[in-house]
Amino acid sequence: MTRGKFIVFEGIDGSGKTTQMELLARVLEARGMPVLRTREPGGTRVGDRLRGLLLDPDYRDLTPRTEAFLYAADRAQHVTEKILPALHRGETVLCDRFLYSTLAYQGWGRGVDIVFLTRLNQLATGGLAPDRVILLDLEVEDGLRRALKNRPPDRLEGEKAAFFRRVRQGYLEQASRWPEIFRVVRADAPEQEVHRRVLTALGME
Ligand SMILES: Nc1ncnc2c1ncn2[C@@H]1O[C@H](COP(=O)(O)OP(=O)(O)OP(=O)(O)O)[C@@H](O)[C@H]1O
Ligand SMILES: [Mg+2]
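One numbering rule holds for all chains: residues counted from 1, following each sequence as written. Here every chain gets a letter starting at A, and every ligand a number starting at 1, in the order they are written. Only residues with pLDDT of at least 70 get local features here, since the model is predicted, and only at 80 or more are side-chain atom pairs given and counted; chain-wide, interface and lining totals rely on the full set of residues. With hydrogens and water excluded, all non-hydrogen atoms of the structure serve as input to the side-chain values.

The next subject is the site of ligand 1. The cutoff for a nearby residue is simple: one of its non-hydrogen atoms must lie within 4 Å of the molecule or strand. Close to ligand 1 lie 14 residues; Lys17, Thr18, Thr19, Lys149 and Ala189 are nearest. Distance and chemistry together define a polar contact, namely a pair of N or O atoms within 3.5 Å, with one atom able to donate a hydrogen and the other to accept it when in protein, and with adjacent residues in sequence counting only for side-chain atoms on both sides. Within the side chain of threonine 19, one N or O atom sits 2.5 Å away from an oxygen atom of ligand 1. A distance of 3.2 Å is found between an oxygen atom of ligand 1 and a side-chain nitrogen or oxygen belonging to arginine 97. Relative to its free-state accessible area of 630 Å², ligand 1 is covered by the protein chains to the extent of 69%. Helix and strand assignments come from DSSP, with helices taken as H or I runs of at least 4 residues and strands as E runs of at least 2, each series counted from the N terminus. Looking at the shell around ligand 1 element by element, the count peaks at three residues for helix α1 (residues 17-30). As a working rule, the residues Ala, Val, Leu, Ile, Met, Phe, Trp, Tyr, Cys and Pro are called nonpolar, Asp, Glu, Lys and Arg charged, and the rest polar, with Gly in that last group. Counted by class, the shell around ligand 1 contains three nonpolar, five polar and six charged residues. For accessible areas, the Shrake-Rupley method is used with a probe of radius 1.4 Å. Any residue's cover is judged against the shown protein chains and nothing else.

Below is the structure:
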């Protein structure tokens, strides 16, 4: 039995996950609740080695499936080593991205089989699901602009927009598939306004 709440932030690049997670962490801490902030890839010792392999240009021959297994291995270590112990200690766990990123980016974005990814990730997490997923939903162009600090996208980045549109669609489809845990929060407003929307979505205002 776990005791703490497990809250995940998802959304395309630049949608404000890191910003909003920190704003929520401060509110929880101000209310005297212990918080674990974490992110994926999970920052465990094992995970850091896996990440090295995933990012190493010498290993460009990784197949998309192998890549999915390595991310899943990182996630398994992250769940066991960090998330579950914190939940058992009664901490609220805030996680910047979780398996929904894999499904959106690798599944919808890159075309890896969604059923394969779902089964793989169920095994990796041992079935642990968050209490809430806050999906920060934003137009792809707005996300890119934020991520690029208001510089217009160059040609390559513009090509990425098509990819991110599929990713966004993937997130929205997941939200309608799992309405009991997902809350879609429109992220097209100033930080403090989005923060208020997040608190409302969590029933915490
Ligand atoms: N509501 C907002 N309005 C305008 N700019 C914002 C807003 N929220 C965050 N930003 C800015 O947009 C940029 C991206 O925000 P942030 O890093 O929180 O997004 P992210 O979803 O974590 O992105 P990534 O997926 O790249 O980690 C940052 O420069 C941040 O200061
Ligand atoms: Mg971030």
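Between its first and last C-alpha atoms helix α3 (residues 64-88) spans 34 Å; for 25 residues at 1.5 Å apiece the expected length is 36 Å, and the two agree. Each residue is assigned a bend, namely the angle between axes fitted to the seven residues that terminate at it and the seven residues that start at it. Along its length, α3 reaches its greatest deviation from straightness, about 45 degrees, at valine 79. Think of it in three bands: residues with accessible area under 20% of the maximum for their type are buried, residues over 50% are exposed, and the middle band is partly exposed, with areas taken using a 1.4 Å probe on protein chains only. Inspection of α3 places Glu67, Ala68, Leu70, Ala72, Asp74, Arg75, His78, Val79, Ile83, Ala86 and Leu87 among the buried residues, and these make up the whole buried set. Contact criterion: two residues are considered in contact whenever any of their non-hydrogen atoms come within 4.5 Å of each other. Taken together, the buried residues of α3 touch β1 (6-10), β2 (35-39), α2 (45-55), β3 (92-96), α4 (99-109) and α5 (114-125). Every helix has an expected span of 1.5 Å times one less than the residues it contains.

Lines fitted to C-alpha atoms define the axes here, with helix axes fitted over just the stretch in contact, and angles between the N-to-C directions of these axes take values from 0 to 180 degrees. Where α4 contacts α5, the axes come no closer than 10 Å and their chain directions differ by 155 degrees. Of the possible angle classes, the one that applies to α4 and α5 is roughly antiparallel. For α4 against α5, the interelement crossing comes out right-handed. Where α4 approaches α5, its residues Leu99, Thr102, Leu103, Gln106, Gly107 and Trp108 are matched on the opposing element by Ile114, Leu117, Thr118, Asn121 and Thr125. For the contact of α4 with α5, the class distribution of residues is five nonpolar, six polar and no charged. For classification purposes, an angle smaller than 35 degrees is called roughly parallel, one larger than 145 roughly antiparallel, one from 65 to 115 roughly perpendicular, and anything else oblique. Each crossing is labelled by how the near helix is turned from the far one, with a counterclockwise turn of less than a right angle marking it left-handed and a clockwise turn marking it right-handed.

This paragraph deals with the nonpolar core. Counting residues in hydrophobic clusters, the biggest one holds 36 residues, and the most contacted among them are Phe6, Ile83, Phe98, Tyr100 and Tyr171. Elements supplying a minimum of two residues to this core: β1, α3, β3, α4, α5, β4 (132-137), α6 (140-147) and α7 (155-177). Those residues within four positions of tyrosine 100 in sequence are excluded, and the remaining contacts are Val8, Glu10, Pro130, Val133, Tyr171, Gln174, Trp178, Ile181 and Phe182. We call a set of buried Ala, Val, Leu, Ile, Met, Phe, Trp, Tyr and Cys residues a nonpolar core when their side-chain atoms join them within 4.5 Å.

Strands in a sheet are paired, the pairing made by backbone hydrogen bonds, and the direction either parallel or antiparallel. Paired strands are those between which DSSP finds at least two bridges. Read from one edge of the open sheet, five strands run β2-β3-β1-β4-β5, paired in parallel fashion. Each end of this open sheet is capped by a strand with a single partner; those strands are β2 and β5 (182-186). Averaged over all pairs of adjacent strands, the angle between their axes in this sheet comes to 20 degrees, without regard to strand direction. The pairing of β1 with β4 spans four bridges and is classified as parallel. From the neighbouring strand, isoleucine 7 faces β4, where its bridge partner is arginine 132. Along the sheet, α4 makes contact with β1, β4 and β5, crossing β1 at roughly 25 degrees.

Our next topic: the pattern of salt bridges. Salt bridges are identified by distance alone: a Lys or Arg side-chain nitrogen within 4 Å of an Asp or Glu carboxyl oxygen. Following the criterion strictly, the structure yields 16 salt bridges and no others. Across the salt bridge formed by arginine 75 and glutamate 40, the nearest N and O atoms sit 2.6 Å from each other. A residue pair is termed long-range when its members are at least 10 positions apart, and arginine 75 in helix α3 and glutamate 40 in the loop between β2 and α2 qualify at 35 residues. One exposure class covers both arginine 75 and glutamate 40, and it is buried. Between arginine 197 and glutamate 193 there is a salt bridge, and its shortest N-O distance comes to 3.2 Å. Residue arginine 197 and its partner glutamate 193 are located together in helix α8 (residues 191-201), separated by four residues, close to a single helical turn. A residue is classified by how much of its surface remains accessible, and glutamate 193, at 27% relative accessible area, is partly exposed. Bridged by salt links that share partners, the residues Asp137, Glu139, Arg168, Arg186, Asp188, Glu193, Arg196 and Arg197 form one connected network.

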